[in-house]
Amino acid sequence: MLKAASVSRIFKRKHGTVKALDKASLEIKEGEFVAIVGPSGSGKSTLLLALGGMSHPDEGAVMWQNQSIYDWKITKRSQWRGSSVGFVFQSFNLVPYLTVFENVSVGLSLANKELTSTQSIESILEEVDLTDRKDHLPSELSIGQQQRVALARALVKKPRLILADEPTGNLDPDTGKEVMHIIQLQHAAGTTVVMITHDPNIAKLAQRTVKIVDGNLTCS
Ligand code: ADP
Ligand code: MG
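Being a predicted model, the structure only gives us computed values, none of them experimental.

A. Fine view of the overall build of the protein chain. Broken down by element type, the protein chain carries seven helices and ten strands. Relative to its full complement of 220 residues, the protein chain shows a buried share of 51%. If you take every contact in the protein chain between residues at least 6 apart in sequence, the share linking residues at least 24 apart comes to 70%. The average position of the 25 basic charges and that of the 23 acidic charges among the side chains of the protein chain differ by 9 Å.

Structure representation (structure tokens):
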């Protein structure tokens, strides 16, 4: 379904270059749940951004159902991303002056689905247990609730693929479990999940773990 084929990503800096990904190859099947682990600076986020169509590889290709996504026009790539890919980040990136409900509606507008599809927003807020907080601002929520809003924003369009970059990285263990429970339910419902984590206990929840060191991938 999603494939990185010999992807390299090189960042040029004042003092030399950094090879963040070095011919990384990875195949993710529809409905799989894959964890990516590796030390800080090893290229995990760079790989996830490349898989999500947000960072053009310097070499190699990213394939979605046998089509090379970086050969698509930018508009097609962003439409694909908006409708098929749900991103979840370690820092939740909520819009501070929008309510919970409005933050989630941003996820739908990116998907080109009706901006005010009230029903789908209400049903996802129920799934992440935030119905009674829908008129709150992010600053009025706990950290765990904020991450659940970010999840709802990613999930409201029912993406086929979830790309999560350390979704529990800023959470205490109990709140992290809640967030993982929601991700596991999505996987159980057939969504493909690729998740970066530092936590071996969280990686265990995936079906397969891929290790990355200095931009090199090893699958196990
Ligand atoms: P990880 O997520 O595993 O901590 P990253 O993928 O963020 O690692 O980064 C891998 C390497 O690439 C690091 O050395 C980082 O400093 C470098 N890097 C990442 N993004 C950029 C960028 N936009 N410009 C320059 N260097 C970058
Ligand atoms: Mg990272």
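B. Layout of the pairing of strand 4 (residues 59-64). Sheet analysis places strand 1 (residues 2-13) next to strand 4, joined by five bridges and oriented antiparallel. The residue bridging Lys3 from the neighbouring strand is Met63, located in strand 4. With two bridges connecting them, strand 4 and strand 5 (residues 67-68) associate as antiparallel partners. Across the sheet, residue Met63 finds its bridge partner in strand 5, namely Ser68. The hairpin formed by strand 4 and strand 5 contains two residues between the paired strands, and Gln65 there has a positive phi angle of roughly 45°.

C. Quick peek at the packing of helix 3 (residues 100-110) against helix 5 (residues 143-155). At a minimum axis separation of 7 Å, helix 3 and helix 5 run at an interaxial angle of 35°. Crossing handedness for the pair helix 3 and helix 5: right-handed. Between helix 3 and helix 5, the residues in contact are Val100, Asn103, Val104 and Gly107 and Val149, Ala152 and Arg153, respectively. Taken together, the residues of the contact of helix 3 with helix 5 sort by class into four nonpolar, two polar and one charged.

D. The arrangement of the nonpolar core in detail. Among the nonpolar cores identified, the biggest contains 35 residues, and Val104 and Leu125 are the most heavily contacted of them. Contributions of two or more residues to this core are made by strand 3 (33-37), helix 3, helix 4 (118-127), helix 5, strand 7 (161-165), helix 6 (173-188), strand 8 (192-196) and helix 7 (200-203). Broken down by element, this core gets its largest block of residues, six residues, from helix 5. The contact partners of Leu125, leaving out residues within four places of it in the chain, are Val100, Phe101, Val104, Leu130, Thr131, Lys134 and Ala152.

E. Structural view of unusual backbone geometry. Positive phi, close to 45°, is recorded for Gln65, a residue that is not glycine. Structurally, the position occupied by Gln65 is in the loop between strand 4 and strand 5. Among the residues examined, Gln65 registers a relative accessible area of 38% and is labelled partly exposed. Positive phi values are uncommon outside glycine, yet Lys158 reaches one of about 55°. Inspection of the secondary structure assignment puts Lys158 in the loop between helix 5 and strand 7.

Cut-offs and rules
Residues numbered from 1 in each chain as written. Chains lettered and ligands numbered in written order. Predicted model: local features only at pLDDT ≥ 70, side-chain atom pairs only at ≥ 80, totals over all residues. Heavy atoms only, no water. Helix = DSSP H or I, 4+ residues; strand = E, 2+ residues; numbered from the N terminus. Buried < 20%, exposed > 50% of the residue type's maximum accessible area, 1.4 Å probe, protein only. Contact = heavy atoms within 4.5 Å. Lys, Arg positive; Asp, Glu negative; His and termini not counted. Charge placed at Lys NZ, Arg CZ, Asp CG, Glu CD. Pairing = 2+ DSSP bridges. Axes fitted to C-alpha atoms, helices over the stretch in contact; angles between N-to-C directions. Left-handed = near helix turned anticlockwise from the far one by under 90°. Nonpolar A, V, L, I, M, F, W, Y, C, P; charged D, E, K, R; others polar. Core = buried A, V, L, I, M, F, W, Y, C linked by side-chain atoms within 4.5 Å.

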